[in-house]
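# Report on the structure
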Amino acid sequence: MGWFIFLVIVIGAVAAYKYRVPLLAKLTGQPQQRIQRAIDRKKGK
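Note that this is a predicted model, so its numbers are computed, not measured.

### Side note on the overall build of the chain
- Along the chain, the regular secondary structure elements total three helices and zero strands.
- For the chain, the α and β elements follow one another from N to C terminus as α-α-α.
- Its C-alpha atoms give the chain principal-axis dimensions of about 40 × 25 × 10 Å.
- Here the chain has roughly 4200 Å² of accessible surface; of this, 68% comes from carbon and sulfur atoms.

Laid out in structure tokens, this is it:
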């Protein structure tokens, strides 16, 4: 049972990272383009 919970947490973390821009846009009420620009600025692109 412990492995199942661990697997669910890992899959959830990967999904949250993959869909971070739409999730952050929905949570903060900001446009997706603004969040993507902020992420790109932090990466140094």
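Here the narrative resumes.
### Quick notes on a nonpolar patch on the surface
- Nonpolar side chains collect at one region of the surface, where M1, F4, I5, V8 and I9 lie side by side and expose about 570 Å² of accessible area between them.
- Along the chain, I9 turns up in helix α1 (residues 2-18).
- For I9, a relative accessible area of 54% gives the class exposed.

Here is what the cut-offs are and how they apply
- Residues numbered from 1 in each chain as written.
- Predicted model: local features only at pLDDT ≥ 70, side-chain atom pairs only at ≥ 80, totals over all residues.
- Heavy atoms only, no water.
- Helix = DSSP H or I, 4+ residues; strand = E, 2+ residues; numbered from the N terminus.
- Areas by Shrake-Rupley, 256 points an atom, 1.4 Å probe, with all protein chains shown as cover.
- Patch = residues over 30% accessible without salt bridge, like charges linked within 9 Å, V, L, I, M, F, W, Y side chains within 5 Å.
- Salt bridge = Lys/Arg side-chain N within 4 Å of Asp/Glu carboxyl O.
- Buried < 20%, exposed > 50% of the residue type's maximum accessible area, 1.4 Å probe, protein only.

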